[in-house]
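What follows is each chain in one-letter form.
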Amino acid sequence: MQSVLIIGAGGVSRVVTHKCAQVRDTFKDITLASRTISKCEQIKNEIIAKGLGDINIHSIDADDIPALVTLIKRVKPNIVINVALPYQDLTIMEACLQTGVNYLDTANYEHPDTAKFEYKEQWAYHKRFQQAGIMGLLGSGFDPGVTNVFCAYAQQNLFDTIHYIDILDCNAGDHGYPFATNFNPEINIREITAKGRYWEKGKWIETDPLSVSIDHDYPEIGIRKSYLMYHEEMESLCQNIPDLKRIRFFMTFGESYLTHLQVLQNVGMTRIDEVEHNGCKIVPLQFLKTLLPDPASLGPRTKGKTNIGCVITGIKDAKPRKTYIYNVCDHESCWAEVNSQAISYTTGVPAMIGALLILSGDWKQEGGIFNMEQLSANPFMNALNQHGLPWNILELPVE
């Protein structure tokens, strides 16, 4: 029985904390810390109300390394789960390094002033984590995260060689708002308005934002138009899946969402640079974030399902093979269990599982920084079935 410190108190954190509280055999002591203590108190009260025991809460500025170090030394966790903002990955990693504590996050680092997600600055910590004998697990969400493990599972169990991977993310949920984002609006909109990229034959190919699409038939949902985007798991997968020829990422968006987004872009509301307004400096996207519904508030209003998975094509026993490994998640079921919609649920459950496997020893390495596909897939796949994200494999015709 061990101790966990969870940093951040948004929608994903709510799921992580609830799910950790469900596994008290491992997570005996749970501490939740955030800049906004009232959010921590709300999650704490929800967990107590569900009969899952008590948790400790603290106020913390995740940008303040000395304060993080002080908190970690006080709490003495066996692992820190970072579900704060991607801008804060490096400060929390540095605090874990200084205190000799395992680290886990769900999204790779992004510089506040540049809409660019990449692992480079986190991978640079590998030797120092290795020397400290602590483990850093990057991207233990769904995509990235579960999608990486789906690819690893295919590589380790289903294929002799993998040639093509298409990661597909469909949210068919309806929250009733004309425009809202299912996770942090600032991060969400920065991702979607960036240029698309995919990896093929050893190089990255760039596309205009949302200019490439395919129609995919998602089990339990149906055919949906899916748009090519850049997504961070491709950066590690193209390095860790041998003989890969191409990897792409696609996501679905409703027409109302795309129309609103286009208008907001046209009038400059998605800009991330400062502008002057009535003598004050503001960042338009940050101002827009204050006007949009809080993603954590969408849970009780959202109905429908998500389907996220990987279409993988390759060779097995000298014959072509194509499979779709996927999970379907229901928004209303997630709300009933952990007071969250499915987008936060599908990210938060894998974060808890990653921490569980590290603390149990199934994924404990001697030290260093790891992406999900670099580890044994089977323990994680088994845990998905046990903790609320069951998966399926569909054989597809090889074109």
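One numbering rule holds for all chains: residues counted from 1, following each sequence as written. In keeping with the predicted nature of the model, local features appear solely for residues at pLDDT of at least 70, side-chain atom pairs appear and are counted solely at 80 or more, and the whole-chain, interface and lining totals rest on all residues. Each side-chain value is worked out from all heavy atoms of the structure, with water and hydrogens disregarded.

As for the environment of Ile189
To keep it simple, the criterion reads: Strands here are runs of E lasting at least two residues and helices are runs of H or I lasting at least four, both read from the DSSP assignment and numbered beginning at the N terminus. The contact criterion used is simple: two residues touch if any of their non-hydrogen atoms lie within 4.5 Å.
By the secondary structure assignment, Ile189 is in helix α8 (residues 185–193). With residues near it in sequence (within four places) discarded, Ile189 still touches Phe179, Thr181, Tyr257, Leu261, Thr270, Leu285, Leu288 and Leu292.

A closer look at helix α1 (residues 11–21)
Owing to its 3.6 residues per turn, the α-helix brings residues three or four apart onto one side. To keep it simple, the criterion reads: The buried label applies to any residue whose accessible area, calculated with a 1.4 Å probe on protein chains only, is under 20% of its type's maximum; exposed applies above 50%, and partly exposed to all values in between.
Most of α1 sits out of view: eleven of its eleven residues are buried. Of all the residues in α1, the buried ones are Gly11, Val12, Ser13, Arg14, Val15, Val16, Thr17, His18, Lys19, Cys20 and Ala21. Check the buried side of α1 and you find it contacts β1 (2–7), β2 (27–34), α2 (37–49), β4 (79–82), α12 (331–338) and α13 (342–360).

So, the pairing of strand β11 (residues 222–229)
Defined as follows: Criterion used throughout: strands pair if DSSP finds at least two bridges between them.
Here strand β10 (residues 213–218) pairs with β11 via six bridges, running antiparallel. Opposite Asp215, over in β11, you have Lys225 as the bridge partner. Hairpin connection from β10 to β11: three residues lie between these consecutive antiparallel strands, with Glu220 at a positive phi of about 70 degrees. Here four bridges tie β11 to strand β12 (residues 246–252), and the two strands are oriented antiparallel to one another. The residue bridging Met229 from the neighbouring strand is Phe249, located in β12.

Observations concerning the sheet that holds β2
In plain terms, the rule: Fitting a line to C-alpha atoms yields each axis, with helices limited to the stretch in contact; the angle taken between N-to-C directions then spans 0 to 180 degrees.
Spatially, the seven strands line up as an open sheet ordered β3-β2-β1-β4-β5-β6-β17, and their pairing is parallel. Unpaired on one side and paired on the other, β3 (56–59) and β17 (368–371) mark the two borders of the sheet. Averaged over all neighbouring strand pairs, the angle between strand axes comes to 20 degrees, with direction disregarded. With two bridges connecting them, strand β5 (residues 102–105) and strand β6 (residues 135–138) associate as parallel partners.

Brief notes about the packing of α1 against α2
For clarity, the cut-off: Crossings are assigned a handedness: left-handed for a near helix turned anticlockwise from the far helix by less than a right angle, right-handed for a clockwise turn. Charged residues are taken to be Asp, Glu, Lys and Arg, nonpolar residues to be Ala, Val, Leu, Ile, Met, Phe, Trp, Tyr, Cys and Pro, and polar residues to be all remaining types, Gly included.
As a packed pair, α1 and α2 sit with axes 10 Å apart at the nearest point and diverge in direction by 35 degrees. The handedness of the crossing between α1 and α2 is right-handed. The residues of α2 that touch α1, namely those facing Ser13, Arg14, Thr17, His18 and Ala21, are Gln42, Ile43, Glu46 and Ile47. A class-by-class count of the residues in the contact of α1 with α2 yields three nonpolar, four polar and two charged.

Quick notes on the packing of α12 against α13
Running from N to C, α12 and α13 point in directions that differ by 65 degrees, and their axes come no closer than 8 Å. As α12 runs across α13, the sense of the crossing is left-handed. Taking contact as the criterion, the partners of His331, Cys334, Glu337 and Val338 in α12 are, on α13, Ala342, Ile343 and Tyr345. The class makeup of the residues in the contact of α12 with α13 is five nonpolar, one polar and one charged.

Looking at the environment of Gly176
Secondary-structure assignment places Gly176 in the loop between β7 (161–171) and α8. By relative accessible area, Gly176 is classed as exposed at 53%. Each C-alpha atom, one on Gly176 and one on His387, is 29 Å from the other, the two residues being 211 residues apart in sequence.

Regarding the pattern of salt bridges
Note the cut-off: The salt bridge definition used is simple: a Lys or Arg side-chain nitrogen within 4 Å of an Asp or Glu carboxyl oxygen.
Using the criterion set out here, one finds 16 salt bridges in the structure. Of the charged contacts in the structure, one is a salt bridge between Lys316 and Asp160, with a shortest N-O distance of 3.7 Å. Of this pair, Lys316 sits in strand β15 (residues 305–316) while Asp160 is found in the loop between α7 (146–158) and β7, placing the two residues 156 residues apart along the sequence.

Brief notes about the state of the cysteines
Worth spelling out the cut-off: Cysteine sulfur atoms that come within 2.5 Å of each other are treated as a disulfide pair.
Applying the stated criterion across every chain yields a total of zero disulfides. In this structure Cys20 is not part of a disulfide, and its nearest cysteine sulfur, from Cys40, lies 14 Å away. Unpaired in this structure, Cys334 has its nearest cysteine sulfur neighbour in Cys329, at a distance of 3.3 Å.

Description of α12
Counted only if it meets this: Comment: arc refers to directions from the helix axis out to C-beta atoms. For this analysis, a polar contact is any N or O atom pair within 3.5 Å, provided that within protein one partner can donate a hydrogen and the other can accept it, and provided that sequence-adjacent residues contribute only side-chain to side-chain pairs.
Those residues of α12 that fall on the buried side of the exposure criterion are His331, Cys334 and Val338. Take α12 and look down its axis: the buried residues cluster within an arc of 60 degrees, on one side only. A distance of 3.1 Å separates the backbone nitrogen of Glu332 from a side-chain oxygen at the start of α12, and that oxygen is part of Asp330.

Concerning the packing of aromatic side chains
Basically, it comes down to this: Pairing of aromatic rings covers Phe, Tyr and Trp, the last through its six-membered ring, and needs centres within 6.5 Å; plane angles under 30 degrees mean stacked, over 60 mean edge-to-face, and all others mean tilted. Two conditions define a charge located above a ring, namely a distance within 6 Å from the ring centre to NZ of Lys or CZ of Arg, and an angle within 35 degrees of the ring normal.
Tallying each qualifying case throughout the model produces ten aromatic pairs. The interplanar angle of 80 degrees and the centroid separation of 6.1 Å between the aromatic rings of Phe142 and Phe150 together place this pair among those described as edge-to-face. Taken individually, Phe142 and Phe150 each receive the classification buried, so the pair is uniform in this respect. Relative to Tyr257, the ring of Phe179 has its centre 4.9 Å away and its plane inclined at 25 degrees; by these criteria the two rings are stacked. You can see Phe179 sitting in the loop between β7 and α8 and its partner Tyr257 sitting in helix α10 (residues 255–266), a full 78 residues away along the chain. Its relative accessible area of 8% is what places Phe179 among the buried residues. On the accessibility criterion, Tyr257 (14% relative accessible area) is buried. One aromatic cluster is present, formed by Phe179, Tyr227, Phe253 and Tyr257 through successive ring pairs. The ring of Trp204 is capped by Arg197, whose NZ or CZ atom sits 5.0 Å from the centre of that ring. Across from the ring centre of Tyr230, 4.1 Å away, lies the NZ or CZ of Arg197, which sits over that ring.

Some remarks on unusual backbone geometry
In the segment running from Asp143 into Pro144, the intervening peptide bond is cis, with an omega of 10 degrees. With respect to the secondary-structure elements, Pro144 resides in the loop between β6 and α7. Its identity is not glycine, yet Lys201 carries a phi of approximately 50 degrees, on the positive side. One can find Lys201 in the loop between β8 (196–200) and β9 (203–207). Judged by its relative accessible area of 72%, Lys201 falls in the exposed class. At Glu220, a residue that is not glycine, the phi angle is positive and equals roughly 70 degrees.

In short, geometric facts, not functional conclusions.
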